[in-house]
Amino acid sequence: MAVTQAYEQWLSTDSPLYAEVTRFMFLEAELLDALREREWLENMVSKDIDYRLPLRQTVERARGTGFADSTYHMLENYGSLTARVQRNETAFAWAEDPASRVRHFVTNIRVFSVSDELECVDVRSNLLIFRTRQDQTAPQMLAGERHDRLRREDGELRLLTRTILLDHTVIGTHNLSICF
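For the structure given in this document, a descriptive report is provided here. Because the structure is predicted, anything quoted here is derived from the model rather than measured.

## Quick notes on the overall build of the chain
A count of helical and extended segments in the chain gives 4 helices and 6 strands. Seen in sequence order, the chain has helices and strands lined up from the N terminus as α-α-α-β-β-α-β-β-β-β. The buried share among the 180 residues of the chain stands at 41%. Sequence-distant contacts in the chain: of pairs separated by 6 or more residues, those separated by 24 or more amount to 60%. For the chain, the accessible surface area stands at approximately 10500 Å², while carbon and sulfur atoms represent 51% of it.

Spelled out as structure tokens, the structure:
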């Protein structure tokens, strides 16, 4: 596919839907950064969520990108995300007590296609997560691309699917208790 053809498939950045999707992505980042996970889950995530962080291997170009089709760092649904949020709300969330300081940088938002039947929109964005724990002086940084599908439910956009494609083959963090 030629570069101009790919570019033409994106919604224009001045379209109302692009503005709505961008606001959604920025609000999501703000809620997660502010540790308002319950609000994020209940107001921005579909009950049908499919949330994946596949394992990545270093492979030759001819073998593709190296993302596994059946092995994941995270493979979540609404129930397991709810359990994560509930655990973080208890005194027993030792991996996140005290809580990490996290900043989500969401950039290069591209809105692709709209499905009229399900009122869905496909979104790709780049993500950089800056995280510090306790008194660490060296931050942890995770970078990658997110492939999202948003669906309109009761008039509001909600996250229906998310696949996080990290640039890392080794995740140098002690836990993955944060949301991407």
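## A short note on a nonpolar patch on the surface
Together, Phe-105, Leu-128, Phe-130 and Met-141 give the surface a local cluster of nonpolar side chains, amounting to about 350 Å² of exposed area. Considering the arrangement of structural elements, one finds Phe-105 in strand E3 (residues 101-115). Taking the relative accessible area as the measure of exposure, Phe-105 reaches 42% and is therefore partly exposed.

## Considerations on the nonpolar core
The nonpolar side chains of soluble globular proteins are, as a tendency, buried together. Within the largest apolar cluster, 37 residues are counted, with the highest numbers of intra-cluster contacts made by Val-21, Trp-40, Tyr-51, Ile-109, Leu-150 and Phe-180. Listed by contribution, the elements that provide at least two residues to this core are helix H2 (16-33), helix H3 (37-44), strand E1 (45-56), helix H4 (78-88), E3, strand E4 (120-132), strand E5 (140-153) and strand E6 (156-166). Looking at this core, the element that brings in the most residues is H2, giving 8 residues.

## A word on H2
In a regular helix each residue adds 1.5 Å, so 18 residues correspond to 26 Å; H2 covers 26 Å between its end C-alpha atoms and thus fits that length. The complete set of buried residues in H2 reads Leu-17, Tyr-18, Val-21, Thr-22, Phe-24, Met-25, Glu-28, Ala-29, Leu-31, Leu-32 and Asp-33. Structurally, H2 contributes buried residues whose contacts are with H3, E3, E4, E5 and E6. One or two residues past the end of H2 sits Leu-35, with phi positive at roughly 60°.

## Some thoughts on the packing of H3 against H4
The contact between H3 and H4 brings their axes to 9 Å, and the two run at 155°. In terms of axis orientation, H3 runs roughly antiparallel to H4. The crossing of H3 and H4 is left-handed. The segment H3 lies against H4, with Glu-37, Arg-38, Trp-40, Leu-41 and Glu-42 engaging Tyr-78, Leu-81, Thr-82, Val-85, Gln-86 and Asn-88. Here the contact of H3 with H4 is built from residues that sort into 5 nonpolar, 3 polar and 3 charged.

Procedures and definitions
- Residues numbered from 1 in each chain as written.
- Predicted model: local features only at pLDDT ≥ 70, side-chain atom pairs only at ≥ 80, totals over all residues.
- Heavy atoms only, no water.
- Helix = DSSP H or I, 4+ residues; strand = E, 2+ residues; numbered from the N terminus.
- Buried < 20%, exposed > 50% of the residue type's maximum accessible area, 1.4 Å probe, protein only.
- Contact = heavy atoms within 4.5 Å.
- Areas by Shrake-Rupley, 256 points an atom, 1.4 Å probe, with all protein chains shown as cover.
- Patch = residues over 30% accessible without salt bridge, like charges linked within 9 Å, V, L, I, M, F, W, Y side chains within 5 Å.
- Salt bridge = Lys/Arg side-chain N within 4 Å of Asp/Glu carboxyl O.
- Core = buried A, V, L, I, M, F, W, Y, C linked by side-chain atoms within 4.5 Å.
- Expected span 1.5 Å × (residues − 1).
- Axes fitted to C-alpha atoms, helices over the stretch in contact; angles between N-to-C directions.
- Parallel < 35°, antiparallel > 145°, perpendicular 65-115°, else oblique.
- Left-handed = near helix turned anticlockwise from the far one by under 90°.
- Nonpolar A, V, L, I, M, F, W, Y, C, P; charged D, E, K, R; others polar.

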